[in-house]
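Read off the chains here:
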Amino acid sequence: MALSPTNFTSHSSIAAATPTAAYVHIPFCRRRCFYCDFPVSILGDHREAISRAQCANIVEALCAEITATPRFNQPLQTIFFGGGTPSLLSVHQLEQVLTAIDRQFSIATNAEISLEIDPDTFDRSQLQGYKSVGVNRVSLGVQSLDDNLLRACGRTHTPEDVYQAIEMIRAVGMSSFSLDLISGLPNQSIEQWETSLKGVITIDPPHLSVYDLVLEPVTAFGRQYRPGESPLPDDETTAQMYRLAQQMLTNAGYEHYEICNYAKPGYQCLHNRVYWENRSYFGFGMGAASYVNQQRFTRPRKRNEYFNWVKNYVVNGGAIDCPITPSEEQLLDTLMLGFRLAEGLNLERLGDRTDPFTITKILKTLQPYEQQGWLIRDQDCLRLSDPEGFLFSNVVLTALFEKLS
Amino acid sequence: MTDVPVSRIRNFSIIAHIDHGKSTLADRLLQTTGTVNARDMKEQFLDSMDLERERGITIKLQAARMNYTARDGEQYVLNLIDTPGHVDFSYEVSRSLAACEGALLVVDASQGVEAQTLANVYLALENNLEIIPVLNKIDLPGAEPERVKGEIEEIVGLDCSGAILASAKEGIGIDEILESIVYLVPPPADTTQEPLRALIFDSYYDPYRGVIVYFRVMDGTVKKGDRIKLMASRKEYEIDELGILSPNQIQVNELHAGEVGYIAAAIKSVEDARVGDTITLAAAQAKEPLPGYTEAKPMVFCGLFPTDADQFEDLREALEKLRLNDAALQYEPETSSAMGFGFRCGFLGLLHMEIVQERLEREYDLDLITTAPSVIYRVTKIDGEILEIDNPSTLPDPQYREKIEEPYVKVDIITPEEYVGTLMELSQNRRGQFKDMKYLTQGRTTLTYELPLAEVVTDFFDQMKSRSRGYASMEYHLIGYRENPLVKLDVMINGDPVDPLATIVHRDKAYYVGKALVEKLKELIPRHQFKIPIQAAIGSRIVASESIPALRKDVLAKCYGGDISRKKKLLQKQAKGKKRLKAIGTVDVPQEAFMAVLKL
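J.: Mind showing me how you'd approach the overall build of chain B here?
T.: Within chain B, the secondary structure is distributed over 13 helices and 33 strands. What you see for chain B is a C-alpha radius of gyration of 27 Å, in line with the 25 Å of a compact globule of 600 residues. Overall, chain B is about 85 × 70 × 55 Å in size when its C-alpha atoms are taken along their principal axes. Looking at chain B as shown, the accessible area adds up to about 25200 Å², and 47% of this sits on carbon and sulfur atoms. Considering chain B, the positive charge centre built from 72 side chains and the negative charge centre built from 92 side chains are found 7 Å apart.

J.: In this structure, what is going on with the interface of chain A and chain B? I would like to understand it.
T.: By a widely used convention, the size of an interface equals the accessible area lost when the partners come together. Each partner contributes residues to the interface: chain A has 43 residues there, and chain B has 25 residues. Where chain A packs against chain B, one counts eight salt bridges. In this structure, aspartate 37 of chain A engages arginine 566 of chain B in a salt bridge whose closest nitrogen and oxygen atoms are separated by 3.1 Å. Summed over the shared surface of chain A and chain B, the result is 15 residue pairs in polar contact (both at pLDDT 80 or more). At the level of secondary structure, the elements contributing two or more residues to the side of chain A that touches chain B comprise strand S4 (76-83), strand S8 (207-212), helix H9 (235-251), strand S13 (295-298), helix H12 (327-338), helix H14 (356-372), helix H15 (388-391) and helix H16 (393-404) of chain A. No other element matches the eight residues that H16 of chain A contributes to the side of chain A that touches chain B. A per-class count over the side of chain A that touches chain B returns 22 nonpolar, nine polar and twelve charged.

J.: Would you explain the nonpolar core in this entry?
T.: As a rule of thumb, soluble globular proteins bury nonpolar side chains together. All names here are of chain A. Ranked by size, the top nonpolar core spans 73 residues in total, and within it Ile79, Phe81 and Leu140 carry the most contacts. With near-sequence residues (within four places) excluded, phenylalanine 81 lies in contact with Val24, Ile26, Pro86, Leu94, Val97, Leu98, Ile113, Ser114, Leu115 and Glu116. In terms of nonpolar packing, the next biggest core, distinct from the first, is built from 51 residues, Tyr242, Tyr291, Leu335 and Leu341 among them.

J.: Looking at this structure, I do not really get the pairing of S8 of chain A. What am I missing?
T.: Residue and element names in this part refer to chain A. The element S8 is largely enclosed, with a buried count of six among its six residues. Burial of S8 is two-sided: the residues His207, Ser209 and Tyr211 facing one way and the residues Leu208, Val210 and Asp212 facing the other way are all buried. Judged from the six bridges that link them, strand S7 (residues 176-183) and S8 form a sheet pairing that is parallel. Across the sheet, residue leucine 179 finds its bridge partner in S8, namely leucine 208. As defined by bridge partners, S8 adjoins strand S10 (residues 261-263) across three bridges and the pair is classed as antiparallel. Pairing of histidine 207 across the sheet is with alanine 263, part of S10.

J.: It is not clear to me how a positive patch on the surface should be interpreted in this structure. Could you clarify?
T.: Taken together, Lys361, Lys364 and Lys403 of chain A together with Lys579 of chain B make up a surface patch of like positive charges. Judged by its relative accessible area of 42%, lysine 361 of chain A falls in the partly exposed class.

J.: I'm lost on the domain arrangement of chain A in this one. Help?
T.: All names here are of chain A. In terms of domain boundaries, chain A breaks down into domain 1 (15-276) and domain 2 (327-404). One C-alpha centre belongs to domain 1, the other to domain 2, and the line joining them spans 29 Å. In this assembly, domain 1 packs against domain 2 so that about 1200 Å² is buried in total across both faces, 56% of it on carbon and sulfur atoms. Looking at the side of domain 1 facing domain 2, the largest losses of area belong to Arg243, Ile259 and Trp276, adding up to 41% of the total buried there. Our count for the domain 1 to domain 2 interface comes out at three salt bridges. Breaking the side of domain 1 that touches domain 2 down by element, the ones donating at least two residues are H9, strand S9 (255-258) and helix H10 (270-276). Of the residues assigned to the side of domain 1 that touches domain 2, the class counts are seven nonpolar, two polar and three charged.

J.: Mind showing me how you'd approach the sheet that holds strand S2 (residues 63-69) of chain B here?
T.: What links the strands of a sheet is backbone hydrogen bonding, and the strands pair in either a parallel or an antiparallel sense. Residues and elements named next belong to chain B. As summarised here, the arrangement of the six strands in space is S2-S3-S1-S4-S5-S6, forming an open sheet in which the pairing is mixed. Edge positions in the sheet fall to S2 and strand S6 (164-165), since each has one partner strand and no second. Along the sheet face, helix H6 (residues 174-184) touches strand S1 (9-16), S2, strand S3 (75-81), strand S4 (102-108), strand S5 (130-136) and S6 and points at about 170° away from the line of S5.

J.: Just to check I follow, could you spell out the packing of aromatic side chains for this structure?
T.: Centre distance and the angle of the planes are the two values used to describe a pair of aromatic rings. By the definition in use, this model includes 24 aromatic pairs over all chains. Each ring, one from phenylalanine 282 of chain A and one from phenylalanine 284 of chain A, has its centre 5.8 Å from the other, and the planes form 15°; the classification is stacked. In terms of burial, phenylalanine 282 of chain A and phenylalanine 284 of chain A fall into one category: buried. Feature note: the residues Phe297, Tyr306, Phe307, Trp309 and Tyr313 of chain A constitute an aromatic cluster, connected by ring pairs. The lysine or arginine in question, lysine 264 of chain A, covers the ring of tyrosine 254 of chain A, its NZ or CZ lying 4.7 Å from the ring centre. Against the face of tyrosine 408 of chain B rests arginine 482 of chain B, its NZ or CZ located 4.4 Å from the ring centre.

J.: Teacher, can you tell me more about the pairing of strand S8 (residues 210-219) of chain B here?
T.: Consecutive side chains of a regular strand alternate in pointing toward one face of the sheet and then the other. Residues and elements named next belong to chain B. Across the ten residues of S8, ten count as buried, placing the element largely inside the fold. Relative to S8, strand S7 (residues 197-206) runs antiparallel, the two sharing nine bridges. Of the residues in S8, the one forming a bridge with leucine 199 is arginine 216. Hairpin geometry of S7 and S8 is characterised by an intervening segment of three residues between the two adjacent antiparallel strands. Examined bridge by bridge, S8 and strand S15 (residues 260-264) share five bridges and lie antiparallel to one another. Residue pairing in the sheet places isoleucine 212 in a bridge with alanine 264 of S15.

J.: Sorry if this is basic, but what is going on with the sheet that holds strand S14 (residues 345-346) of chain A here?
T.: Residue and element names in this part refer to chain A. Taken together, the three strands give an open sheet; going across it, the order is S14-S16-S15, and neighbouring strands pair in antiparallel fashion. Taken across any chain shown, the strands that pair with only one partner, and hence form the sheet edges, are S14 and strand S15 (375-378). Note: S15 against strand S16 (residues 381-384), four bridges, orientation antiparallel. By the bridge assignment for S16, isoleucine 376 is matched with arginine 383. The sheet contacts of H14 involve S15 and S16, and relative to S15 the element is tilted by about 115°.

J.: Please clarify how the pattern of salt bridges should be interpreted in this entry.
T.: Side chains carrying opposite charge are able to pair once their charged atoms draw close together. Residues and elements named next belong to chain B. On inspection of all chains with the given rule, the structure shows 54 salt bridges over all chains. Where glutamate 363 meets arginine 359, a salt bridge forms, and the shortest distance between an N and an O atom there is 3.0 Å. In this pair, glutamate 363 and arginine 359 are both assigned in helix H8 (residues 350-363), four residues apart and thus about one turn of the helix distant. In this structure glutamate 363 comes out as partly exposed when scored by relative accessible area, which is 45%. The closest approach of N and O atoms between glutamate 546 and lysine 522, which form a salt bridge, is 3.5 Å.

J.: What am I meant to see in the packing of helix H3 (residues 90-98) of chain B against helix H4 (residues 115-126) of chain B here?
T.: Any two packed helices are characterised by the angle at which their axes cross and by the distance between the axes. Residues and elements named next belong to chain B. Here H3 crosses H4 at 40°, and the two axes come no closer than 9 Å. In this view, H3 runs oblique relative to H4, as classed from their interaxial angle. Crossing handedness for the pair H3 and H4: right-handed. In this structure, H3 contributes Ser90, Val93, Ser94 and Leu97 to the contact, and H4 contributes Asn120, Leu123 and Ala124. A class-by-class count of the residues in the contact of H3 with H4 yields four nonpolar, three polar and no charged.

J.: I keep staring at the side chain of asparagine 484 of chain B and nothing clicks. Help me out?
T.: All names here are of chain B. In this fold, asparagine 484 is placed in the loop between strand S26 (473-483) and strand S27 (486-493). In terms of polar contacts, asparagine 484 uses its side chain to reach the side chain of tyrosine 408, at 2.9 Å. Discounting residues that sit within four places of it in the chain, asparagine 484 has contacts with Ile404, Glu406, Tyr408, Arg431 and His506.

J.: How do you make sense of H4 of chain B when you look at a structure like this?
T.: Because an α-helix completes one turn every 3.6 residues, residues spaced three or four positions apart along the sequence face the same direction. All names here are of chain B. Taking 1.5 Å of rise per residue, the twelve residues of H4 would be expected to cover 16 Å, and the 17 Å separating its terminal C-alpha atoms lies within 8% of that figure. The buried fraction of H4 is high, at nine of twelve residues. Listed in full, the buried residues belonging to H4 are Ala115, Gln116, Thr117, Leu118, Ala119, Asn120, Val121, Leu123 and Ala124.

J.: Hey, could you run me through a negative patch on the surface in this one?
T.: Residue and element names in this part refer to chain B. A surface patch of like charges, here negative, comprises Asp308, Asp310, Asp314, Glu317 and Glu320. When you line up the elements, aspartate 308 lands in the loop between strand S17 (300-306) and helix H7 (312-324). Note on aspartate 308: relative accessible area 40%, which makes it partly exposed.

J.: Can you help me understand the state of the cysteines in this one?
T.: Between two cysteines, a covalent bond joining their sulfur atoms is known as a disulfide. A full pass over the atoms with the stated rule returns zero disulfides over all chains. Cysteine 269 of chain A forms no disulfide, and the closest cysteine sulfur to it belongs to cysteine 260 of chain A, at a distance of 13 Å. Considering cysteine sulfurs only, cysteine 160 of chain B is the nearest to cysteine 100 of chain B, which forms no disulfide, with 20 Å between them.

About the criteria used
- Residues numbered from 1 in each chain as written.
- Chains lettered and ligands numbered in written order.
- Predicted model: local features only at pLDDT ≥ 70, side-chain atom pairs only at ≥ 80, totals over all residues.
- Heavy atoms only, no water.
- Helix = DSSP H or I, 4+ residues; strand = E, 2+ residues; numbered from the N terminus.
- Rg over C-alpha atoms; globule rule 2.2 N^0.38 Å.
- Areas by Shrake-Rupley, 256 points an atom, 1.4 Å probe, with all protein chains shown as cover.
- Lys, Arg positive; Asp, Glu negative; His and termini not counted.
- Charge placed at Lys NZ, Arg CZ, Asp CG, Glu CD.
- Contact = heavy atoms within 4.5 Å.
- Salt bridge = Lys/Arg side-chain N within 4 Å of Asp/Glu carboxyl O.
- Polar contact = N/O pair within 3.5 Å; in protein donor to acceptor, adjacent residues only side chain to side chain.
- Nonpolar A, V, L, I, M, F, W, Y, C, P; charged D, E, K, R; others polar.
- Core = buried A, V, L, I, M, F, W, Y, C linked by side-chain atoms within 4.5 Å.
- Buried < 20%, exposed > 50% of the residue type's maximum accessible area, 1.4 Å probe, protein only.
- Pairing = 2+ DSSP bridges.
- Patch = residues over 30% accessible without salt bridge, like charges linked within 9 Å, V, L, I, M, F, W, Y side chains within 5 Å.
- Domains from an automatic or database assignment.
- Buried area = accessible area lost by both parts, 1.4 Å probe.
- Axes fitted to C-alpha atoms, helices over the stretch in contact; angles between N-to-C directions.
- Phe/Tyr/Trp six-rings, centres within 6.5 Å; stacked < 30°, edge-to-face > 60°.
- Lys NZ or Arg CZ within 6 Å of the ring centre and 35° of its normal.
- Parallel < 35°, antiparallel > 145°, perpendicular 65-115°, else oblique.
- Left-handed = near helix turned anticlockwise from the far one by under 90°.
- Expected span 1.5 Å × (residues − 1).
- Disulfide = S-S within 2.5 Å.

What follows is the structure, given as structure tokens:
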């Protein structure tokens, strides 16, 4: 008897379909970093008068959007304020947004509430305030501990600001926090990178995100530099930086739990895991992406367009006009995201999303990479090896995309 | 259909450059004579293949019979025999013209005479056709009828005092054209009593009825049910269906000298009823066939390989099917150590090659790798043996070669004066020998060069068009073989010779071509996990070398804020690119790389 693929219904589990996470985009920065192409409004240094007004407008739109969004009967387990520079919000403004979220969806008592903060944009009382309204995890945009590199990136802070910020974080008792680092910056040498890594290991944060610089075309860097060409370090060097980070940080007791992320046991970012496990999440704010009811939607990236969109969204009762992600695409998303995690993908769970033929096809496609040592299969799990498999993850994914689409 | 005396038949064709309005004029004639009514009028009735419509050129010719009551009150039959408008099909054009007694020379009144038009006018003159000049698009603001008339008189040597001013689009001058056809084009000779000779000017394959043959009866009479013989292919058939084209097929019982029509006779392939062949009666054969028949001779060759080896059989079937309808297409299996199984295919020219490739990909859904086109080199070996080489990788080694000759063409270019310099430079760079330059009227010039065909079949035409901002036109024809110091340039990827990339070049250009080619390949071949040396060599001497550095990482950085769409697009793009790669040893080579030599 010929087996027909239609005998297998693809369904994602209810748990993955109900959003229990929310991303909130705070689109302000004092100035634009040279590598950044996120949707942000630049406030400049006159933070007080103008920016208060602008922030107030955004907070109002955010609350309107949140309140118009259809609710599910599950409380939120994670909330992430990203930017931009969310620490440009006042405690009161942040509270307004959190209150709106809690009223609409209810926030679980032990929910992870993360806030991105930049050194030199907050003081101790502000941080204390954030904590008092519910923030229990902060992510500090350090990027580098080298003064020259910081300036070369267009960052507003100095290494000294970083150390002060960390002191404040510890002083207010924010035990869960993360630092961001970027490798592959202009003129950065492997020695400088090693110094930076030693520096952060000394600081000993519970969580670290380590990114390799990506040249986006519409940024200052994108216009100025070409990938892999001087003054940017070549691919050989940046690959070495990746390996060095992996080695030094795992030796220092960190788990390399995702391509770019390291955590001490118990400190993984639960919110980001929602993305990597291809589960549903709300998204609020300018340029924010959401994945609800199998619809992936990105909000307008321009201020006025976003405001208009919110108006219509409220009128339409929170209906989003975009196609449902077909199951074949969901499978590609699952693969693309899941292989970012050190634990990789569980074959049994993958089986829920597709049919046995496709699973066979996936395994066959992955075979050469298994031999190459980039892919490890143990029991029911498929994962990329660290660091080599991670370093060439696109090669593996491209092969899967080619065979599955 | 009423029987019509030979004296009231007029057979004519239309000679025009692309875009000068031939198809529109043909449509207008069909409409004015009531052959096709306005309601059924599809735009450009004569071009029935999709590809033709898209490119605005006529590839396959067709015919149409029109009944026309002239001002003298008599009923005439006007047969329009269309001609393809591209240099690759000049043999087909010449056979169509041989079926006519007259031709309309249609020239855009704002543009002037173009090289291709000129070549076809000469063909018409050789066939003793009465030529009626028509200046089209006379309604356009840029029309300069006097200048263009002067140009026709100057270049073609035709009296233009009676040239018709027309606009096919606006219907201006159409009656005058019809009257001129009746009065100026001579009627066919009345040779109804002689043994049958009919000239095939087109044929196509119909899956239900076999090959449909279009012909003009030159002598005698043909009837439904007749047993006929094709004098060149020596095949005999019984006519199942005889008819005229109006322009749709209408069956009749008999056609006589001067008439144009079609037959269906269960002919299996167009190869058996080739353009230029003569139809006669099996029982009462003509003594001589009509003159002018020539075997199709491909001038350009390339390898066609399926990207996916599993598609080899599909490719074979597709080529077989195309060949049923295209006697000029040649193919034979080719095996390449680098490419696996494929076919070496011969074409009339570059356009013909592109058309076939495109139909294979579009109509038969094949993913193909096409190797760079080659001409036929004539190699004399030391032992005196002469070889015709259409595949550079099969060129005998230098120690066995006495000499290599390559085909030369005479190229005529007509261009506005300001582009003369750049076009001369182009021709010079392509090893051209300057022959002649003539100033025509008001800033228009003809340039004549003799060039190796190999230099023309690369991107010469595209270069000419881009250098002249599209204003220059060209025509070429083969003039013979010449000896040159040619060498074979081999390309090695990762140490292995890749025979489809081998190319034959002039010794003086070998270094430059080798260098440019390896640079181009470096650009086109994606990075791999290992370093890939790319070398160009003549014999054992490396003339150029580059290397593609190893891929050290290929990782997506972060998916910020859960927005995965951009990363996904990137992967999709990479995956799509990967599908079009051909594995050569351990190196994946993209399709474009095999044509790289054309883009230096």
